[in-house]
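# Fold and contact review
Each chain is listed here by its residues.
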Amino acid sequence: MKKFLSMVMAAAMVVSLVPATAFAAADDVRATAKVVDAQNYTETEIETANSVASDAELQLTFTTADYTAADFTADIDLTLDNAYFVAGTSLKANDMYVKVDGSVYVGQEAAAQNGIRTITFTGAGLDGADVVLKVPSVAGQNDADEITVTLEGKLDRGAVLAIGLDTVMDKISKGKTATISVDSDDIRITNGDDLVYASVEAKSIKASVKDTKDVATEEIVTLKDVKIEPGVGDYLGTVVSTSKDNNGNKYKEIKLKLNGGFEFANKDVTDKKVVLDGATATDISYDEDEIVLTFAETGLDATKTLTVKNLMVEATSAKAGSTATLKVYATGNDTVSVEVAKVVDYAVTMSVDEDEDVPVIYSGVDVDNTGITDDSEHESLEVTIKETFAGAWNHSKEFTLALPEGVYVADVKSPNLDNSTADGGEYTWFKNAYDKGDFETLTFAKRSWTETDPDAKQDPIELTFTLVLVADPNFEGDVTLKLTGDAVEEQTVTVAKFVKPFTVEAQQNDLQIDYRNTDIPTSVVIKEAEAGLWKKGTTFQMALDKIEFDDDAKFTVDSKSGLEIKNEKTNKGVISFEVAATSDDEPASVTISDLTLYMERNLPAGAYDLSVYSNTMLGAKGETAANDVKGYLSVPVFGADIDDKDDVRVIADINDDFYSTTAKAGFVNIVTAGREDTESFTTKVVVPVGESYLISGENKVTIDVPAYINANGYTMLPLRAVAVALGINSNNVLWDQSTRTATIMYGSKIINMTYGQKVVYVNGAMIPATAAVEITNDRMFLGLRDLGNALGVTDITWDGATKTATLNGNK
């Protein structure tokens with residue numbers, strides 16, 4: 001018993017030493033079939049080759065190979081459709097190979113025995129074992145469409161067995177194909193059915209052009225190279241059929257023809273004939289809409305691509321939007337067409353590179369970014385202005401380039417005007433244009449550049465430039481450059497974007513005059529645009545129009561930014577502080593509170609604006625009062641020639657209101673004046689009924705809605721227009737849409753009137769009115785005498801003959 005157990009255990013140990021793959025099932029060997037280098041032939045090509053389809057090969061890629069070389073043999077069935085194998089030629093030893101890990105092992109053929117050819121693949125990549133393919137010789141058979149080859153030996157995962165396919169097709173007419181199917185009882189074949197390795201296609205050609213050209217009516221354009229190629233096969237000679245002339249001479253012909261509205265211009269230009277690359281024509285004939293290329297019978301046999309150069313097309317009558325189509329005819333082929341040109345109007349276009357990011361610039365600072373840490377160069381995108389055709393840009397008309405209000409040109413970089421010379425050169429041309437545009441637009445005078453001449457075959461003119469820009473401290477958003485002029489179509493492009501280096505949060509405060517120490521109940525907050533932007537030493541100022549701040553104010557810096565300030569003070573009514581240390585991780589905010597005002601008693605009622613600015617950023621030297629800051633420019637105005645002793649450009653002669661530093665319009669709104677004066681109306685106002693104007697003193701003032709006589713016979717006057725004509729600030733004529741109530745504030749009077757009511761309230765006291773308040777064309781109207789009474793105008797006259805109302809100011 002012990003001996004028996006020992007034998008069993010020994011046997012088990014022997015078995016355990018044998019690889020499991022030696023016992024694997026046949027279907028554990030798998031391969032994927034595919035055809036590479038499948039061939040397309042024309043009927044002529046396959047006829048010339050005696051119906052032999054070659055160069056394609058069948059490849060079997062082994063995706064699994066769980067077997068040993070010694071024990072594995074596999075039969076592989078190859079079945080053709082519309083083709084057959086030929087003995088000794090169809091399966092050539094040197095057309096068979098095994099590929100393993102990039103190494104290729106070409107088969108070596110031994111002498112045939114018993115009708116079997118043995119092809120052996122030997123190499124170290126095959127693990128030292130030979131791989132053998134046994135192939136029937138097909139001796140004496142010219143119609144064998146199915147053979148079986150035998151594979152012996154080991155092919156690991158990823159190995160490729162390739163078998164060349166040199167076969168003869170049974171049918172070679174247009175549209176026929178030859179296929180091969182692969183099957184095996186020993187290998188599981190994937191994708192082995194009906195693999196196309198040869199096909200016969202119709203003769204065809206292809207035509208192409210590199211670029212489609214723009215052309216104007218009655219203009220000529222030279223096309224980029226037109227290429228003509230065989231659609232199938234290698235050479236044009238195989239697809240272009242042969243023709244015979246009356247004398248029996250053989251030739252081949254290709255025609256080029258244009259559609260209606262277009263003609264070839266080559267026929268009229270002796271030194272601008274068509275040039276061919278790839279073949280030599282025996283003749284080229286020109287007609288208005290057709291060019292014929294004639295070649296010898298064999299002239300295209302070696303031509304893979306025929307390139308036609310210097311084709312000149314004229315839009316004789318085609319209108320804008322029409323397309324020139326070149327039709328290519330080749331004998332024995334269908335006609336092919338290619339679009340070669342498009343008709344456009346004479347035009348001048350302006351553009352920027354849409355793939356470039358719009359540059360972001362800080363407003364209210366100079367090109368050196370004084371006062372901030374930003375390193376931008378204030379340059380816009382490069383702008384290109386060009387004409388579609390030579391002569392399209394009429395130089396007898398001026399043109400302008402306009403920027404938004406509050407954006408200014410500091411310089412121009414790389415101005416370049418192709419094919420033309422501007423007066424004094426491009427830089428001076430731009431400089432003069434900005435001066436002529438009053439430093440608000442660039443106005444290019446007529447005939448200040450050279451117009452291109454289409455008759456001289458000049459290229460269209462192209463102008464490129466980059467603007468260096470600065471902006472009002474309150475300007476933010478996209479900078480659009482507008483092109484206008486009598487000879488150009490108006491168009492705009494976005495060239496830059498401005499953002500503020502700081503923003504201001506403030507609220508309107510309705511106040512009554514109280515001499516000194518008038519408290520402002522709200523605070524002003526100045527916020528940094530990004531962390532670390534304000535440079536050390538930068539100063540900020542805050543001022544009111546016509547009102548001075550008192551000395552005391554409280555400054556509070558946020559606790560997170562790390563910003564530090566110093567020199568907090570009030571000087572001549574202007575509040576200021578200086579950055580002592582820049583912010584770190586977060587943008588800073590500075591809150592200015594406990595604000596008080598010194599108010600003169602003679603201040604009129606109305607709104608007063610708050611200015612917040614940085615003289616450091618604006619380029620001013622030292623501290624400057626709010627009313628003077630508008631005289632400073634962050635860089636010299638491009639084109640200006642005004643020098644200041646401190647090397648700062650003063651632009652008062654250019655524009656007194658160069659910079660707006662207003663941070664909050666109507667920050668202080670005085671609702672009652674410093675003195676009660678009901679006799680203050682001294683202006684005579686004449687209001688003619690039905691006219692779109694009134695006379696205020698000696699001035700004629702246009703109004704949008706005229707006075708009228710209502711259904712009850714009362715003369716109705718436009719409230720706001722008459723009040724303003726009498727000298728009341730328009731900010732003190734208010735409208736509440738929700739209650740449909742108008743309010744006039746003047747001196748100590750607060751006057752209210754509501755639509756539809758026949759009463760007027762003065763300081764809360766009700767005064768009966770003769771006519772109800774009316775609204776006409778979205779404007780409030782009050783009866784003539786009711787309005788006069790409410791405003792304190794007692795001398796009112798009415799001229800029935802001229803239908804004119806007169807409010808005589810108090811003497």
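Source: prediction; values computed, not measured. All residue numbers refer to position in the chain's written sequence, counted from 1. Where totals are concerned, whole chains, interfaces and linings use all residues; where local detail is concerned, this predicted model gives features only for residues with pLDDT of at least 70, and gives and counts side-chain atom pairs only at 80 or more. Only hydrogens and water are set aside; all other atoms, that is, all heavy atoms of the structure, feed into the side-chain values.

### Points about the overall build of the chain
For the chain, the helix and strand inventory stands at six helices and 67 strands. Three labels apply to residues, based on accessible area from a 1.4 Å probe with only protein chains included: buried if under 20% of the type maximum, exposed if over 50%, partly exposed otherwise in between. Looking at the 811 residues of the chain, the share that counts as buried comes to 45%. Here, residues are in contact when the closest pair of their heavy atoms is within 4.5 Å. Considering only contacts in the chain between residues 6 or more positions apart, those separated by 24 or more positions represent 68%. The method behind every accessible area is Shrake-Rupley, applied with a 1.4 Å probe, and residues are considered shielded solely by the protein chains displayed. As displayed, the chain has an accessible area near 39500 Å², and 43% of this comes from carbon and sulfur atoms. Labels follow the DSSP assignment, with helices taken as runs of H or I lasting at least four residues and strands as runs of E lasting at least two, numbered in each case from the N terminus.

### As for the side chain of T452
Structurally, the position occupied by T452 is in the loop between β37 (441-444) and β38 (462-471). Reaching out from T452, the side chain makes a polar contact with the side chain of E387 at a distance of 2.5 Å. Polar contact is the term for a pair of N or O atoms within 3.5 Å; when the atoms are in protein, one must be able to donate a hydrogen and the other to accept it, and sequence-neighboring residues count only if both atoms are side-chain atoms.

### Re the pattern of salt bridges
We define a salt bridge as a contact between a side-chain nitrogen of Lys or Arg and a carboxyl oxygen of Asp or Glu at a distance within 4 Å. Throughout the structure, instances matching the rule amount to eleven salt bridges. K500 is the salt-bridge partner of E476, the closest N and O atoms lying 3.9 Å from each other. With E476 in the loop between β38 and β39 (477-485) and K500 in the loop between β40 (491-499) and β41 (502-505), this pair connects stretches of sequence that are 24 residues apart.

### Structural notes on the environment of V383
Note that V383 resides in strand β34 (residues 383-387). Exposure remark for V383: the relative accessible area of 0% places this residue in the buried category. For V383 and T494, which are 111 residues apart along the polypeptide, the C-alpha to C-alpha distance reads 9.6 Å.

### A few points about a negative patch on the surface
Candidate patch residues must exceed 30% relative accessible area and have no salt bridge, after which like charges are joined if within 9 Å and Val, Leu, Ile, Met, Phe, Trp or Tyr side chains if within 5 Å. For the charge count, each Lys or Arg is scored as positive and each Asp or Glu as negative, with His and the chain ends excluded. All charge positions are set by atom: Lys at NZ, Arg at CZ, Asp at CG, Glu at CD. A surface patch of negative charge is lined by D75, D81, D145, E146, D170, D183, D185, D193 and D194. Among the secondary structure elements, D183 is positioned in strand β15 (residues 177-183). Taking the relative accessible area as the measure of exposure, D183 reaches 47% and is therefore partly exposed.

### Things to note about the sheet that holds strand β18 (residues 205-209)
If you walk across this open sheet you meet the four strands as β18-β21-β28-β25, and the pairing is antiparallel. Of all strands in the sheet, those with a lone pairing partner are β18 and β25 (275-277), marking the two edges. Each adjacent strand pair in this sheet contributes to an overall mean axis angle of 20°, direction not counted. Alignment of β25 against strand β28 (residues 306-309), held across three bridges, turns out to be antiparallel. Directly across from V275, in β28, lies its bridge partner K309. Only strands that DSSP links by at least two bridges are regarded as paired with each other. Between N-to-C directions, angles cover 0 to 180 degrees, with each direction set by a line fitted to C-alpha atoms, over the stretch in contact for helices.

### Some remarks on helix α6 (residues 784-791)
Note: α-helices contain 3.6 residues per turn, so residues at a spacing of three or four share the same orientation. Burial within α6 is extensive, with six of its eight residues counted as buried. Among the residues making up α6, those that are buried are L784, D786, L787, G788, A790 and L791. Trailing α6 by a residue or two, G792 shows a phi angle of about 85°, which is positive.

### Considerations on the sheet that holds strand β20 (residues 220-222)
Pairing in this open sheet of three strands is antiparallel, and the strands run β20-β29-β24 from one edge to the other. In this open sheet, the two edge strands, each paired with only one partner strand, are β20 and β24 (262-264). Strand-to-strand twist in this sheet, taken as the mean axis angle between neighbours without regard to direction, amounts to 30°.

### A look at helix α3 (residues 426-436)
Along α3, the residues that are buried comprise E426, W429, F430, A433 and Y434. The arc that holds every buried residue of α3, seen down its axis, measures 130°, which confines them to one face. Looking at the buried side of α3, the elements it contacts are β35 (399-402), β36 (407-417), β37 and β38. Backbone geometry just after α3 places D438 at a positive phi near 60°. It is the directions from the helix axis to the C-beta atoms whose arc is reported.

### Overview of unusual backbone geometry
In this structure, N191 is a non-glycine residue whose phi angle is positive, near 65°. Checked against the element boundaries, N191 lands in the loop between β16 (188-190) and β17 (195-201).

### Quick notes on the packing of aromatic side chains
In summary, the pairing rule links any two rings of Phe, Tyr or Trp, Trp by its six-membered ring, whose centres are within 6.5 Å, and it sorts them by plane angle into stacked for under 30 degrees, edge-to-face for over 60 and tilted for everything else. Tallied over the full model, the rule gives 16 aromatic pairs. For the ring pair F475 and F498, a centre distance of 6.1 Å and an interplane angle of 85° mean the geometry is edge-to-face. Taken together, the residues span a long stretch of sequence, with F475 in the loop between β38 and β39 and F498 in strand β40 at a distance of 23 residues. On the basis of relative accessibility, which here comes to 13%, the residue F475 falls in the buried class. Residue class for F498 comes out buried when judged on its relative accessible area of 1%. Cluster of aromatic residues (ring-pair linked, three or more members): W393, F399, W429, F430, F444, W449 and F465. In this analysis the charged atom, NZ for Lys or CZ for Arg, is taken to sit over a ring once it is within 6 Å of the ring centre and within 35 degrees of the ring normal. Against the face of Y286 rests K273, its NZ or CZ located 4.5 Å from the ring centre. Sitting over the face of the ring of Y755, R740 holds its NZ or CZ atom 4.6 Å from the ring centroid.

### Digging into the side chain of T179
Turning to its location among the elements, T179 is positioned in strand β15. In contact with T179, other than residues within four places in its own chain, are T79, L80, D81, D194, L195, V196 and Y197.

### Observations regarding the environment of A410
If you trace the backbone, A410 turns up in strand β36. Expressed as a C-alpha distance, the spacing of A410 and A471, which sit 61 residues apart in the sequence, is 9.7 Å.

### Points about the confidence of the model for the chain
Predicted confidence across the chain gives a mean pLDDT of 82, with 85% of residues reaching 70 or more. Across residues 641-656, where pLDDT falls below 50, the model places 32 contacts with residues more than four positions away in sequence or in other chains. Each residue carries a pLDDT score, the predictor's own confidence in it, on a scale running from 0 to 100.

### Points about the environment of L603
Within the secondary structure, L603 is located in the loop between β51 (596-598) and β52 (606-613). Along the chain, L603 and I670 lie 67 residues apart, while their C-alpha atoms are 8.4 Å from each other.

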